[in-house]
Each structure stands twice: as C-alpha cells, then as structure tokens.
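Listed here are the chains, written in short residue letters.
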Amino acid sequence: MGARGEGFPWWVRVLRHLGHAGGGRATGAMRVWLAWEAFWVPRLRAVRPGSLVRYALGTHHGRPVRLQDGVLVSRGDRLLELHMDNRTLLRLASSGFDPFAADRLGSGELHELATAIRSGALGPVRALHAVTPFAPALRRQDFEVRPVPHTVAFWFTRLYMTGLFALYHPSGWAALTPHRARRWPSEVWMSRERFLQRMSATAPPAVPAP
C-alpha cells in the first residue's frame, strides 16, 4: 500500500493498522472480521457443497423498488439475497485465479438456484437482490446494477467489504489499490420472472466438480 498509504482514504489506513490480513488469516483487531464470518456464513445456504454462490431468504424492508421489467418490489415481499463465499474465492485464487472459470462456476450455480426457485422449494420469491463489490460479474448475468446511497449504513458496509477483501486475498492489504478502496459497493436486482427466463434461455456451462 506504499510507505505512507498515499492516495488511500483515512479509514483504510486505520484498518491496515488494526492488524495483518491475507489468505484467510488475520491478526489483531482484524480477527473481528474472521469472527463475524464464522458467525454469519453458516447461516447462508450453499447452492451445492463448496459452492461460490450462497443465499439467504429475507424480506424487503425498504421503499418500493420498480425494476426494469416493471415488477414492483414492495415492503414485505420475499427476497432471495445472494452472497459469494469468500472461502471459495480464496480457494480459486490460491490455485491460480481464472475470472472466466469463476464466472462459469457462478453461472452454473445460478442455474441450479433457478431450478430450486421454479420448483417452489424456496417459496414465493419476488426478486433476487445483493449488495456486492462484484457487480460486474452479476451484470454479465443481466442483473440490474444500481449505485447505493452514500449513507452511514452503506459506509460501514463498504468498510466491512474492504476488510473482507484484504482478509481473503492471498496478498492481503498489498493487493488493495486506491481506486478499489474508494469504490462503493453496488446494489443488484432481478425479478423472479426475469431470472427464470434468463436461466431458461441459456444453457448451464460445463463446470468440473470442486
């Protein structure tokens, strides 16, 4: 990150001094990120054992959201919240990270998720949603990408995700650039109907077993 952390926001410099991080390990106060992951990840459902995509079922609590296909997501509607498994990302990175292979893996798992939604196994899902720093990967799957408001709550989300990046990247804080540090996460959406149509219109990629 440079001798004095030139070009980085002040809070990144503070995080760096909280402890070392990288390769799924941490020291000092950065172990809080490990503790939170240990608490949170088991509450997410894996699409398959060792999957890149995990998810949780929740309820929309915000203002109504009108999606591009006209579907209105209202307060109380059931959402499928998408997450990426950082441990799987670390495993992929440790074996020579191939972004196209990660895309194929994630795409195949989204097809499996569509099968579960279509069968009714996940209940009356209204839309899929995520807050993520990996919006370009989901945009390639035709998800709508929207900027998040620069509120205090999303600032803490940004701080948390920056710590996760350092925690799980093999090079730790050294891999963080000023440009990446200054980026905010994005919000992604897709209605249930559009998602199922999208998955039906494309063949799942051939992905070797993990």
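Residues numbered from 1 in each chain as written. Predicted model: local features only at pLDDT ≥ 70, side-chain atom pairs only at ≥ 80, totals over all residues. Heavy atoms only, no water.

Enquirer: Even after reading the chapter, I still don't get helix 6 (residues 152-168), so can you show me in this structure?
Expert: Given 3.6 residues per turn, any residue in an α-helix points the same way as the ones three and four places further on. For helix 6, spanning 17 residues, the distance from its first C-alpha to its last is 25 Å, which sits close to the expected 24 Å at 1.5 Å a residue. Burial in helix 6 covers these residues: Phe154, Arg158, Leu159, Met161, Thr162, Gly163, Leu164, Phe165, Ala166, Leu167 and Tyr168. (Helix = DSSP H or I, 4+ residues; strand = E, 2+ residues; numbered from the N terminus. Expected span 1.5 Å × (residues − 1). Buried < 20%, exposed > 50% of the residue type's maximum accessible area, 1.4 Å probe, protein only.)

Enquirer: What is the right way to look at the environment of Ser171 in this model?
Expert: Turning to its location among the elements, Ser171 is positioned in the loop between helix 6 and helix 7 (178-182). Distance from Ser171 to Ala21, taken between C-alpha atoms, is 8.5 Å for residues 150 residues apart in sequence.

Enquirer: How should the nonpolar core be read in this particular structure?
Expert: The nonpolar side chains of a soluble globular protein tend to be buried, and buried together. In this structure, Leu80, Leu82, Leu113, Phe143 and Phe195 are the most contacted members of the largest nonpolar core, which totals 21 residues. Among the secondary structure elements, those contributing two or more residues to this core are strand 4 (53-59), strand 7 (78-84), helix 4 (99-119), strand 8 (127-132), helix 5 (135-139), strand 10 (186-191) and helix 8 (192-201). In terms of residue count, the dominant contributor to this core is helix 4 (4 residues). If we ignore the near neighbours within four places in the chain, the residues touching Phe143 are Leu82, Leu110, Leu128, Leu138, Val188, Trp189, Met190 and Phe195. Ranked by size, the runner-up nonpolar core spans 18 residues in total, among them Val12, Leu164, Phe165 and Tyr168. (Core = buried A, V, L, I, M, F, W, Y, C linked by side-chain atoms within 4.5 Å. Contact = heavy atoms within 4.5 Å.)

Enquirer: Hey, could you run me through a nonpolar patch on the surface in this one?
Expert: A cluster of nonpolar side chains, namely Trp10, Val14 and Leu18, defines an oily patch on the protein surface of about 290 Å² accessible area. Tracing the backbone through its elements, the reader meets Leu18 in helix 1 (residues 10-18). (Patch = residues over 30% accessible without salt bridge, like charges linked within 9 Å, V, L, I, M, F, W, Y side chains within 5 Å. Areas by Shrake-Rupley, 256 points an atom, 1.4 Å probe, with all protein chains shown as cover. Salt bridge = Lys/Arg side-chain N within 4 Å of Asp/Glu carboxyl O.)

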